[in-house]
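# Architecture and fold: a report
Residues per chain are reported as follows:
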Amino acid sequence: MTTVQDQQCGSMTTDQQCGSMTTDQQCGSMTTDQQCGSAPPVRASQPQSSYGGTPFMPPNSQSWGLYRGTGLPGATQEEWPQAPAWRSFGGGPELPPPPVEDPCAPAVLGTIRQPLPAPPDELARVNVALHLRRPLLVTGGPGTGKSSLAYRISGELGLGPVLRWQITSLSTLREGLYDGPHDATYDGPHDATYDGPHEGRDEGGHDGGIRLGPLGTAFLPYRRPRVLLIDRLDRAEISLPEDLCTVLTAGGFSLPGGTVRCRAFPVVVITTTGERDLPSDLVRRCVTLRTQRPGPDLLRAIAANRFPAEPGRPGPAPDAVDAFVERATATEGPVLERFLDALRLAADGVLQAVAEGGNWQEAVDTLWQWTAPEEP
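First things first, this report covers the structure right here in the doc. Note that the coordinates shown come from a computational prediction; the quantities given were computed from them, not determined experimentally.

This part covers the packing of helix H9 (residues 318-330) against helix H10 (residues 336-347). Following both chains from N to C, one finds H9 and H10 inclined at 155°, their axes separated by 10 Å at the closest point. As summarised for this structure, H9 and H10 are arranged roughly antiparallel, according to the angle between their axes. Taken as a pair, H9 and H10 cross one another with a handedness that is right-handed. Packed against H9, whose contacting residues are Ala320, Val321, Phe324, Val325 and Ala328, the element H10 presents Phe339, Ala342, Leu343 and Ala346 at the interface. Counted by class, the contact of H9 with H10 contains nine nonpolar, no polar and no charged residues.

Turning our attention to the pattern of salt bridges. Using the criterion set out here, one finds nine salt bridges in the structure. In this structure, the salt-bridge partner of Arg211 is Asp179, at a minimum N-O distance of 3.0 Å. Of this pair, Arg211 sits in strand S4 (residues 211-212) while Asp179 sits in strand S3 (residues 178-179); the two residues are 32 residues apart in sequence, bridging distant segments of the chain. Take Arg211: its relative accessible area is 11%, and that puts it in the buried class. Under the relative-accessibility criterion, Asp179 is labelled partly exposed at 28%.

Below, the discussion takes up the sheet that holds strand S5 (residues 227-231). Spatially, S2-S5-S8-S1-S9 is the arrangement adopted by the five strands of the open sheet, whose pairing is parallel. Strands at the two margins of the open sheet, each flanked by one partner only, are strand S2 (163-166) and strand S9 (287-290). Neighbouring strand axes in the sheet, compared pairwise and without regard to direction, differ in orientation by 20° on average. Here S2 runs beside S5; their pairing, made up of four bridges, is parallel. Bridge pairing in S5 places Trp165 opposite Ile230. Sheet strands in contact with helix H2 (residues 120-132) are strand S1 (136-139), strand S8 (267-272) and S9, and its direction is about 160° off that of S9.

One can describe the packing of H9 onto helix H12 (residues 360-370) by two numbers: an axis separation of 11 Å at closest approach and a directional angle of 55°. By the angle class used here, H9 and H12 are oblique. For the element pair H9 and H12, the recorded crossing hand is right-handed. Mapping the contact onto sequence places Asp319, Ala320, Ala323, Phe324, Arg327 and Ala328 in H9 and Trp360, Gln361, Val364, Asp365, Leu367 and Trp368 in H12. Split into classes, the residues belonging to the contact of H9 with H12 amount to eight nonpolar, one polar and three charged.

What follows is about unusual backbone geometry. In this structure, the amide linkage connecting Gly92 to the following residue, Pro93, adopts the cis form with an omega of -5°. With a phi angle near 55°, Arg133 is a residue other than glycine that sits in the positive phi range. Positive phi is not limited to glycine here, since Arg232 has a value of about 65°. Of note, Arg232 is situated in the loop between S5 and helix H6 (239-250). Overall, Arg232 belongs to the buried group, its relative accessible area being 18%.

Under the definition given, this model contains three aromatic pairs. Each ring, one from Phe89 and one from Phe265, has its centre 5.8 Å from the other, and the planes form 35°; the classification is tilted. One end of the pair, Phe89, is in the segment before helix H1 (105-109); the other, Phe265, is in the loop between strand S7 (258-261) and S8, with 176 residues separating them in the sequence. An identical accessibility class is assigned to Phe89 and Phe265; each is buried. Measuring from centroid to centroid gives 5.7 Å for Phe219 and Phe265, while their planes differ by 80°, and the two rings are edge-to-face. Taken together, the residues span a long stretch of sequence, with Phe219 in the loop between helix H5 (214-218) and S5 and Phe265 in the loop between S7 and S8 at a distance of 46 residues. Each member of the pair, Phe219 as well as Phe265, is classed as buried. Here the aromatic cluster, defined as three or more aromatic residues joined through ring pairs, consists of Phe89, Phe219 and Phe265. Above the plane of the ring of Phe265 lies Arg87, whose end atom (NZ or CZ) is 4.3 Å from the centre.

Calculation rules
- Residues numbered from 1 in each chain as written.
- Predicted model: local features only at pLDDT ≥ 70, side-chain atom pairs only at ≥ 80, totals over all residues.
- Heavy atoms only, no water.
- Axes fitted to C-alpha atoms, helices over the stretch in contact; angles between N-to-C directions.
- Helix = DSSP H or I, 4+ residues; strand = E, 2+ residues; numbered from the N terminus.
- Parallel < 35°, antiparallel > 145°, perpendicular 65-115°, else oblique.
- Left-handed = near helix turned anticlockwise from the far one by under 90°.
- Contact = heavy atoms within 4.5 Å.
- Nonpolar A, V, L, I, M, F, W, Y, C, P; charged D, E, K, R; others polar.
- Salt bridge = Lys/Arg side-chain N within 4 Å of Asp/Glu carboxyl O.
- Buried < 20%, exposed > 50% of the residue type's maximum accessible area, 1.4 Å probe, protein only.
- Pairing = 2+ DSSP bridges.
- Phe/Tyr/Trp six-rings, centres within 6.5 Å; stacked < 30°, edge-to-face > 60°.
- Lys NZ or Arg CZ within 6 Å of the ring centre and 35° of its normal.

Shown next as structure tokens:
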């Protein structure tokens, strides 16, 4: 059998293969993977529910949903609700679960030490997508938490490393599904048994084998769903979103030598800035969510998780956090990266050095200007 373990934290490939496969029986001998692995803006007004909260949904979704929105691992131990009959795909045989730890999550979220407050609308829509096994189409500006939402869901529900597919104008469906020669044939065992990971195989060439990409890996027959992040789908040519519909509808795909079909439909998070419209066939298959700029409470929680107090390396002083929260809240455009950069400078003593012999508020303004994306 030819198989590979070749993963990265950005645009990633995966390393699973198909066991004894027919068009109806999927994925036998696979390796586990280590990965970090939109709709246009909703322009019509959204009617409020009779509860006076989230549109179409009562504000107490925490009483029925799997996702609590805290970002804390193990926040819920509830069993997943049964999939709708029309979203059950019956792939198999079942694969061993992936590793729980995501090596890329700390870079995206920091060290989660306190809950990250989530808006009620986000909670409700994520949980609707989980219950119905539908993709989540997340639209919002830069720095509003579109991509990090996938890591929060995966970390909280213990679904393993996020499978991240970073879209460019050159991305194709084939790239997301698998990599290998078009005429490749499956040469693995035909008893459909899992034979463990194969380290370092096929790194110098395909050698006739097939290597699954993030999209292909997400549809392997795991008992619990994987989290797939399709980042910035609006960058793609129009054919990619249209082609993607076929995989999302079928719950699997064909490749040389057989067919891959999921056992549990993956948690698919598709992000877009809304700068380009996506095909209506894709949009109508998704649960849509629009992210908002982080508010003061979320900024403080992010600061606490990004700058935990550690022996010998204190974080930024509380008054510095408050000062930069105030500036971030009053600034237009993307602010999260700028906010974290300013706090990094404060934690490294730069704020104190600039403030010596002068006005502290002016020193705060100076650091804030230094982190501006363009000349003031």
